[in-house]
Amino acid sequence: MFSNQGVDYGSNAAFGSLAADLIECRLTDPDELEQRLKQIQLAVRRYYHVIVVAFDTDQDRSTIPWNYIISQLEQVFPFSNITTYHGEILMVVRKTKRGSRISFDRQKLLTILEHYNGYAAIGNTSEFLTSLPPVYHQARDALRLGRAMDPGQRILYYEDYSMYQMIELAAESGSRGGGGEPRPPEAGQPEPGPPVQQRNRSSAPARQQDGRQSAGFSIYLSAA
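The shown structure was predicted, so the numbers you read here are calculated from the model rather than taken from an experiment. (Residues numbered from 1 in each chain as written. Predicted model: local features only at pLDDT ≥ 70, side-chain atom pairs only at ≥ 80, totals over all residues. Heavy atoms only, no water.)

Ring pairs (aromatic) are described by centroid distance and by the angle formed between their planes. Scanning the entire structure with this criterion turns up 3 aromatic pairs. Ring geometry for Phe55 and Trp66: centres 5.5 Å apart, planes at 90°, overall edge-to-face. Taken together, the residues span a long stretch of sequence, with Phe55 in strand β1 (residues 47–55) and Trp66 in helix α3 (residues 66–76) at a distance of 11 residues. Given a relative accessible area of 3%, Phe55 falls into the buried group. Taken together, a centroid distance of 5.2 Å and an interplanar angle of 45° make the contact between Phe77 and Phe104 tilted. (Phe/Tyr/Trp six-rings, centres within 6.5 Å; stacked < 30°, edge-to-face > 60°. Helix = DSSP H or I, 4+ residues; strand = E, 2+ residues; numbered from the N terminus. Buried < 20%, exposed > 50% of the residue type's maximum accessible area, 1.4 Å probe, protein only.)

Laid out in structure tokens, this is it:
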């Protein structure tokens, strides 16, 4: 069913660069963020999920047909911005309603994941682009906890493991005697992956509206 022939999309790295700068907290100026958003056809509107697709750590990354997998993921999540980040696929996916779980063709996604020995982790819903760092790390924590606790599952939701993470963090805090030191980077962070590749799809350009708060800033996604 699957071909290993990749599709050469060309590489407009604007979204990949923006995502990396947000996740790594290099982008903190709201005016710069607004300007960079103008260069991207953002697929999301009011709400979004971050989804991280990772592959088995023993798998040779050079054998993974990244572009082809991305093209298949676009069929599952047609309103999304997709890039690669640290050897994984990072998606920012539109969601229409905040309260319910994101809707997608679960069987099609499972078929892709099973064929390439991959796992997809879905973070909580957000409506602020400046929340990209925590929701990205939610997805990565779901990958780590889910693969340890439910190795047979390939689609993992952070909300299913958030309580275990709270217990884990409480235990870490207790072992430090209640100290306020930040949590160290998690062990086994993936090695840098292939060059950033990206494909953006949307039925119409999304609009962004700037909302600022006294304790920082947030870029609100416009209502659909």
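So, about the pattern of salt bridges. For the coordinates displayed, the defined rule picks out 10 salt bridges. Across the pair Glu127 and Arg46 runs a salt bridge, and its minimum N-O distance is 3.0 Å. Remark: Arg46 occurs in the loop between α2 (30–37) and β1 and Glu127 occurs in the loop between β4 (118–122) and α5 (132–149); sequence separation between them is 81 residues. What makes Glu127 buried here is its relative accessible area of 14%. Judged by relative accessible area, Arg46 falls into the partly exposed class, the value being 33%. Linking Arg101 and Glu159 is a salt bridge whose minimum nitrogen-to-oxygen distance equals 3.1 Å. In this pair, Arg101 is assigned in the loop between β3 (88–95) and α4 (106–116) and Glu159 in helix α6 (residues 158–175), connecting sequence segments 58 residues apart. (Salt bridge = Lys/Arg side-chain N within 4 Å of Asp/Glu carboxyl O.)

We now examine the confidence of the model for the protein. Low pLDDT marks stretches whose predicted atomic positions should not be read closely. Per-residue pLDDT for the protein has a mean of 78; in total, 73% of the residues score no lower than 70. Overall, residues 1–11 carries pLDDT values under 50, and its contacts beyond four positions in sequence, including any with other chains, amount to 26 contacts. Note that pLDDT drops below 50 for residues 183–224; the model gives that stretch 126 contacts with residues more than four away or on any other chain. (pLDDT = per-residue confidence, 0-100. Contact = heavy atoms within 4.5 Å.)

Further remarks concern unusual backbone geometry. Both trends apply: most residues other than glycine have a negative phi, and most peptide bonds are in trans. Residues other than glycine seldom take positive phi values, yet Cys25 does so here, at roughly 60°. Under the relative-accessibility criterion, Cys25 is labelled exposed at 54%. Positive phi values are uncommon outside glycine, yet Asn117 reaches one of about 55°. With respect to the helices, strands and loops of the structure, Asn117 is situated in the loop between α4 and β4.

Next up on the list: the nonpolar core. In terms of nonpolar packing, the biggest core is built from 33 residues, with Tyr48, Val50, Leu90 and Leu132 touching the most fellow members. Elements with a minimum of two residues in this core: α1 (14–23), α2, β1, β3, β4, α5 and α6. Apart from the residues lying within four places of it in its own chain, the contact partners of Val50 are Leu90, Met91, Val92, Ala121, Ile122, Gly123, Leu132, Val135, Tyr136 and Ala139. (Core = buried A, V, L, I, M, F, W, Y, C linked by side-chain atoms within 4.5 Å.)

This part takes up empty space enclosed by the protein. If you walk through the whole model with that rule in mind, you get 1 cavity of 30 Å³ or more. Within this model, the largest cavity holds a volume of roughly 50 Å³. Looking at the largest cavity, the residues that line it are Phe15, Leu18, Ala19, Leu22, Leu37, Leu42, Val92, Leu129 and Leu132. The greatest single-element share of the lining of the largest cavity, amounting to 4 residues, is contributed by α1. The residue makeup of the lining of the largest cavity, split by class, is 9 nonpolar, no polar and no charged. (1 Å grid on protein atoms, 1.4 Å probe; cavity = no way out; pocket = protein on both sides within 12 Å on 5 of 7 lines; lining within 4 Å. Points joined across faces, edges and corners; volume = space filled by probe spheres on them. Nonpolar A, V, L, I, M, F, W, Y, C, P; charged D, E, K, R; others polar.)

With that settled, consider α1. Of all 10 residues that make up α1, 9 are buried, and the element is covered over most of its length. Of all the residues in α1, the buried ones are Ala14, Phe15, Gly16, Leu18, Ala19, Ala20, Asp21, Leu22 and Ile23. Just past α1, the residue Cys25 takes up positive phi, approximately 60°.

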